[in-house]
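Observations on chain architecture
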Amino acid sequence: MGLASIFYSRGLLTFVLLFISDTETCYISYTTKICNGNTSNVSVSALSTAHNGITTLTIANTNLSELQEGNISLPFFPRLTTLHLYSNGIRVFSNYIISNNIAIKTLSLQANKLKVIPVDALKHLPNLTYLDLSRNEITRTESFVFHWNTLLEYLYLKGNGIHDIQRHAFFSLVNVKILILSKNFINYIPLEELKSLRRLETLNLSHNNISMLLKANGGFSLSLQFLYLTQNKLRFIAGHALNVPRGLILLDAERNHISQISSLAFGNDSINLISLNLNHNELVTIPVFLLRRLPKLKSFGIAWNRVTVVPTEAFKGNSLLKYINLGWNRIHFVHEMSLTGLQSLQHLDLRFNNISSLPSRLFNPVGDFSLLLGGNNFSCNCEIRFLQEWLRKTIFFAEDLFCLIAGFENHTNLISFEFSDICVDETTSVEVSTDVMMTRTPSKPLSILRNWKVAAGVFTVSVGLLFVVVLKAIPKKLERKSTENRTPGGRHETSDAQ
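In this text the structure is predicted, and so the values were computed from the model without any measurement.

Thresholds, definitions, all that
Residues numbered from 1 in each chain as written. Predicted model: local features only at pLDDT ≥ 70, side-chain atom pairs only at ≥ 80, totals over all residues. Heavy atoms only, no water. Helix = DSSP H or I, 4+ residues; strand = E, 2+ residues; numbered from the N terminus. Polar contact = N/O pair within 3.5 Å; in protein donor to acceptor, adjacent residues only side chain to side chain. Contact = heavy atoms within 4.5 Å. Buried < 20%, exposed > 50% of the residue type's maximum accessible area, 1.4 Å probe, protein only. Salt bridge = Lys/Arg side-chain N within 4 Å of Asp/Glu carboxyl O. Phe/Tyr/Trp six-rings, centres within 6.5 Å; stacked < 30°, edge-to-face > 60°. Core = buried A, V, L, I, M, F, W, Y, C linked by side-chain atoms within 4.5 Å. Pairing = 2+ DSSP bridges. Disulfide = S-S within 2.5 Å.

Once that is clear, we can look at the side chain of serine 172. With respect to the helices and strands, the residue serine 172 is situated in the loop between strand S9 (164-165) and strand S10 (178-180). A distance of 3.2 Å separates polar atoms of two side chains, one belonging to serine 172 and the other to histidine 147. If we ignore the near neighbours within four places in the chain, the residues touching serine 172 are Phe146, His147 and Thr150.

Glancing now at helix H9 (residues 385-393). Those residues of H9 not exposed but buried are Phe386, Leu387, Gln388, Trp390 and Leu391. Against strand S23 (370-372) lie the buried residues of H9.

In total, this model carries eight salt bridges according to the counting rule given. Here lysine 123 and aspartate 120 are joined by a salt bridge, their closest N and O atoms 3.9 Å apart. Judged by relative accessible area, lysine 123 falls into the partly exposed class, the value being 35%. For glutamate 142, the salt bridge identified is with arginine 140, shortest N-O distance 3.3 Å. Residue class for arginine 140 comes out partly exposed when judged on its relative accessible area of 35%. The structure contains a network of salt bridges with shared partners spanning Arg140, Glu142 and Asp164.

Attention now goes to the packing of aromatic side chains. What the rule picks out here adds up to 10 aromatic pairs. With a centroid separation of 5.6 Å and an interplanar angle of 75°, the aromatic rings of phenylalanine 144 and phenylalanine 171 are classed as edge-to-face. Taken together, the positions of phenylalanine 144 in the loop between strand S7 (140-141) and strand S8 (154-156) and phenylalanine 171 in the loop between S9 and S10 put the pair 27 residues apart, joining distant regions of the chain. Relative to phenylalanine 386, the ring of phenylalanine 363 lies with its centre 6.0 Å away and its plane at 50°, an arrangement referred to as tilted. With phenylalanine 363 in the loop between strand S22 (347-349) and S23 and phenylalanine 386 in helix H9, the pair connects residues that are 23 residues apart, well separated along the chain.

Here we come to the nonpolar core. Side chains of a nonpolar character, in soluble globular proteins, are inclined to be buried together. Phe170 and Phe300 are the most contacted members of the largest nonpolar core, which totals 123 residues. For this core, the secondary structure elements donating two or more residues are helix H3 (44-47), strand S3 (56-60), helix H5 (95-98), helix H6 (119-122), helix H7 (191-194), helix H8 (288-291) and H9. In terms of residues, this core owes the most to one element, H9, which gives four residues. Not counting the four nearest positions on each side in its chain, phenylalanine 170 is found in contact with Phe146, Leu155, Leu157, Ile165, Leu179, Leu181, Glu193, Leu194, Ser196 and Leu197.

With parallel pairing, the three strands of this open sheet are ordered in space as S12-S14-S16. The two strands at the open ends of the sheet, each matched to only one other strand, are strand S12 (212-213) and strand S16 (260-261). Note: S12 against strand S14 (residues 236-237), two bridges, orientation parallel. Note that in S14 the partner of methionine 212 across the bridge is phenylalanine 236.

With the rule as written, the count across this model stands at one disulfide. Covalently, cysteine 26 is tied to cysteine 35 through a disulfide, its sulfur atoms 2.0 Å apart. Disulfide cysteine 26 to cysteine 35: torsion about the S-S bond roughly 110°, handedness right-handed. This pair shows no difference in class: cysteine 26 is buried, exactly as cysteine 35 is.

Dropping the structure here:
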C-alpha cells in the first residue's frame, strides 16, 4: 500500500496523516477516486495509495513521466471495475500499469499520445466491455489486435489518424454493439472486417475521406440499426451499395457532395428505415423511387441541396412520414399532388426557396401540420387567398409572411391582409409580390389610400363631364336670346315653331 505499509507500525495517527495527504491531491467519495492535475498537484505517491471500496479510478490531466512511459504500477483495488486515464500524455500503456487490476471492465485512454493500440495490455483484460481510445495518434488497426477481448461491447477509436484497417482487425469482436471510427482518414467502408461484428448496432464513420459507395458484396451486419456517414466526400451512391438489413433505423449522410443516389441503393427490397438525412448535399431532384422503398420512413431531410421541383406524388408510399425538410433549395414549383399519401405529416419546411405560388389543392389530401414558408417570393393575389385561410386555421405556429404592394414601400402581413381590397371579382385581381419582413405594417391604411384614389378619380371624371355639358348648353341659350331680340312677338313664333 505504498508509504502506508512502510510506516504502518508507527500506529493509526501516521496512517490518518497519510490519508489526508492523499486527499490533498486526489478526491475520494464513496466508491470513486479522482486525481485531477487541473485542480491539484498529483504525485506518484498519491496514485500508489489503494482503498478497498474504490470501484472507479480517474487519473486525468497529469504530467507524470512514470505514467507517460508506462513505468508505474497501480496498486491493487479489490473492487475496481472502471479506470479512466485521459489527457495524461501517455505514450506507452504497458501491462505493468494494470497488472494488479485485471478485472477491469471499463477502460478509457482518450486524449493521450498512443501511436499503436496497446495489444500487450489488452491481452490481460479479458473482462473488458468498454474501451475508449479516442483522440490519440493511432494510424492503423493491426490484425487480431482485439483477439483477447471477446466480451467487448463498446469500442471508440474516434479522432485518431487511422487510415488503414488491417485484415481481421476486428476479428473475435462478436459482442460489439457500438463501433465509433469517426474523425479519421478512412477512405472506404471496411465491410470485410465488419462481417464478424454480428451484434453491431451502431457504426459511425463520420468525418472521414469516403468518396463513393459502390455495390457491396455481403452487405452490413444483420443487426445494424444506426449508420453515420456525415461529412465524408461521398459523390455517388450506387445500387446495392447500402445492402443494409431490414432493421436499419437511421442513415445520416449529411454534409457530403452527393449528386446521385440510385433507387436501388438499399437493394431490391424495402427496408424499415425511419430516418434519412441527406441535408447539405448536391442533389437536384428528390429521390422519389428510393423513398418508395422506405414505407416506414418518419423523418426525411434534403435541405441545402439543389432541388428545383417537388413532383407529383413525391412521397407516395410514405404514409408514416412526419417530418420533411425541403428548405434552402432552389424550388420554384410545387405540384398540387406532391403531398398525396402523407397521412401522418406534422412538419413541412419549405423556407428560403424560389416559390412564388402554391396550388390551392396542395393541402387537400393532408390534415393540419406545421408549415414554414419564410424566405420565398410569393405572388400574393386572389389565388393565394387559400393560404391565408389555411394559416389562420392551423393549430400550429404560423410565421409572419409579408406582401409588398406594387408602387409602395410599406409591407402588409399576409395573414391579416384584406384580400377584398385587391380582389374585384373572382377573376380579377391586383397582383402583389411577397417578402418576409421582420416588422408588421397593417394593411388598412393602404386600403383607405387606394379607396381614396378611386373616389378622387370618379370625382374628377364627373366634374369633367359636367363642364362639357355646360359648355354645349351656353351657345344654344345665347342664340335663342338673340333671335327673340330681333323678331317682334318672338315668343309666340318660337312657341308655334315648337
